[in-house]
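Structure assessment
These are the residues of each chain, in order.
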Amino acid sequence: LSAWEVFRMVYPVATRILQDYIEISASDTFLELLDEIPEVLAESLDQETLPFFELFTITQKDNSIHTHCVNVGMYCLCLARELEMSRKDREEIFRGGMLADIGKQFIPRDVLFEKGELTEQDKQTIRLHPAFGKKKLNELRRYSNTVLHMAAEHHENFDGTGYPMKIAGKHINDAARICKIADVFNALTSQRPYGEMMSPKQALMHMNKDMRNQFDPDLLTTFILYAVRQ
């Protein structure tokens, strides 16, 4: 099977597992159903890359947490492939990207999906989800430090203006810096309660021009080159 075929077959499986885990509060052991998915996807990229436009056609663009999680994981994985990371590292990058927002299950839905302007208190509540996610994953005692760092630091900005710890530059974990790019790109190109859904080109231009200080510049350049390559 081609990488595109593998990704296309795995995508609905991963999104359904996370949907059940997040929305019906399934047992924590439910996450074990995801264990083999990073290995399958990382292996499919051993001999070939997955063109960006093919990946983008696979990902759904709704505003659900479970869809966002799987999309971010897949973008992280393909960026890791562009960076020529080892298969093991690619597996962890995907796993971390997929679970980075798991802490959102502890944020009230009326705050998370508020269609109007968020109050300052609501913003502070949402900004708790990285800490919630790291705590939850750490309690499960089955995830690597890479995965924990991605959950905790994927909203840190390269210029130090992010949250929750306001760390900057290379002090932010490498994998979390990759996750930051994937997280923002997917948010911009999906339906959102506030802000218009952007095309990939619009999102990349916005990230490169208006948000560039938030990202590791080398990683952002690699992602952009991957996205625009024919």
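Residues numbered from 1 in each chain as written. Predicted model: local features only at pLDDT ≥ 70, side-chain atom pairs only at ≥ 80, totals over all residues. Heavy atoms only, no water.

1. A few points about the overall build of the chain
Looking only at helices and strands, the chain has twelve helices and zero strands in total. Counted from the first residue to the last, the chain has its helices and strands arranged as α-α-α-α-α-α-α-α-α-α-α-α. In summary, the chain has a C-alpha radius of gyration of 16 Å against a globular reference of 17 Å for 230 residues, a match within 12%. Taking the principal axes of its C-alpha atoms as reference, the chain extends roughly 50 × 45 × 30 Å. Scored against the burial criterion, the 230 residues of the chain give a buried share of 50%. Carbon and sulfur atoms make up 50% of the accessible area of the chain, which amounts to about 11100 Å² in all. For the chain, the distance from the average position of its 27 positive side-chain charges to the average position of its 34 negative side-chain charges is 2 Å. (Helix = DSSP H or I, 4+ residues; strand = E, 2+ residues; numbered from the N terminus. Rg over C-alpha atoms; globule rule 2.2 N^0.38 Å. Buried < 20%, exposed > 50% of the residue type's maximum accessible area, 1.4 Å probe, protein only. Areas by Shrake-Rupley, 256 points an atom, 1.4 Å probe, with all protein chains shown as cover. Lys, Arg positive; Asp, Glu negative; His and termini not counted. Charge placed at Lys NZ, Arg CZ, Asp CG, Glu CD.)

2. Side note on unusual backbone geometry
In this structure, the amide linkage connecting tyrosine 163 to the following residue, proline 164, adopts the cis form with an omega of 5°. Topologically, proline 164 is positioned in the loop between helix 9 (145-153) and helix 10 (174-188). We note that arginine 141 has phi near 55°; this positive angle belongs to a residue other than glycine. With respect to the element layout, arginine 141 can be found in the loop between helix 8 (129-140) and helix 9. Take arginine 141: its relative accessible area is 68%, and that puts it in the exposed class. With a phi angle near 55°, lysine 166 is a residue other than glycine that sits in the positive phi range.

3. Things to note about helix 5 (residues 87-99)
Within an α-helix, residues lying three or four positions from one another point in the same direction, as the helix has 3.6 residues per turn. If you check helix 5, its first and last C-alpha atoms are 18 Å apart, about what 13 residues at 1.5 Å a residue would give, namely 18 Å. Where burial is concerned, most of helix 5 is hidden: ten out of the 13 residues are buried. Among the residues of helix 5, Arg90, Glu91, Glu92, Ile93, Phe94, Arg95, Gly96, Gly97, Met98 and Leu99 are the ones counted as buried. Buried residues along helix 5 sit against helix 1 (3-23), helix 2 (37-44), helix 4 (65-82), helix 8, helix 9 and helix 10. (Expected span 1.5 Å × (residues − 1). Contact = heavy atoms within 4.5 Å.)

4. Brief notes about the packing of aromatic side chains
Considering all chains together, one arrives at ten aromatic pairs under this definition. Here phenylalanine 52 and tyrosine 75 contribute two aromatic rings whose centre-to-centre distance is 6.3 Å and whose plane-to-plane angle is 25°, an arrangement assigned as stacked. Remark: tyrosine 75 occurs in helix 4 and phenylalanine 52 occurs in helix 3 (residues 52-58); sequence separation between them is 23 residues. When sorted by exposure, phenylalanine 52 lands in the same class as tyrosine 75, which is buried. Relative to phenylalanine 185, the ring of phenylalanine 52 has its centre 5.6 Å away and its plane inclined at 70°; by these criteria the two rings are edge-to-face. With phenylalanine 52 in helix 3 and phenylalanine 185 in helix 10, this pair connects stretches of sequence that are 133 residues apart. Taking relative accessible area as the criterion, phenylalanine 52 reaches 4% and is therefore assigned buried. Classification of phenylalanine 185 by relative accessible area gives buried; the value is 0%. Within the aromatic cluster, the residues linked to one another by ring pairs are Phe52, Phe56, Tyr75, Phe185, Phe223 and Tyr226. Residue placement shows lysine 61 over the ring face of phenylalanine 56; its charged tip is 4.1 Å from the ring centre. (Phe/Tyr/Trp six-rings, centres within 6.5 Å; stacked < 30°, edge-to-face > 60°. Lys NZ or Arg CZ within 6 Å of the ring centre and 35° of its normal.)

5. Considering the layout of surface pockets
Each pocket or cavity is described by its volume, and for the largest pocket that value is around 1000 Å³. Considering the residues around the largest pocket, the lining is formed by 37 residues, among which Lys104, His155, Tyr163, Ala187 and Tyr194 are closest to the centre. Those elements giving two or more residues to the lining of the largest pocket turn out to be helix 4, helix 6 (109-112), helix 7 (120-126) and helix 10. Tallied by class, residues from the lining of the largest pocket come to 13 nonpolar, 14 polar and ten charged. (1 Å grid on protein atoms, 1.4 Å probe; cavity = no way out; pocket = protein on both sides within 12 Å on 5 of 7 lines; lining within 4 Å. Points joined across faces, edges and corners; volume = space filled by probe spheres on them. Nonpolar A, V, L, I, M, F, W, Y, C, P; charged D, E, K, R; others polar.)

6. Description of the state of the cysteines
Enumeration over the complete set of coordinates arrives at zero disulfides. No disulfide involves cysteine 69; its nearest neighbouring cysteine sulfur is the one of cysteine 179, lying 9.4 Å away. Sulfur of cysteine 78: no disulfide; nearest cysteine sulfur belongs to cysteine 76 and is 9.8 Å away. For cysteine 78, a relative accessible area of 3% corresponds to the buried category. (Disulfide = S-S within 2.5 Å.)

7. As for the side chain of threonine 67
Within the secondary structure, threonine 67 sits in helix 4. Among residues more than four places away in sequence, those in contact with threonine 67 are Tyr11, Thr15, Gln60 and Asp62.

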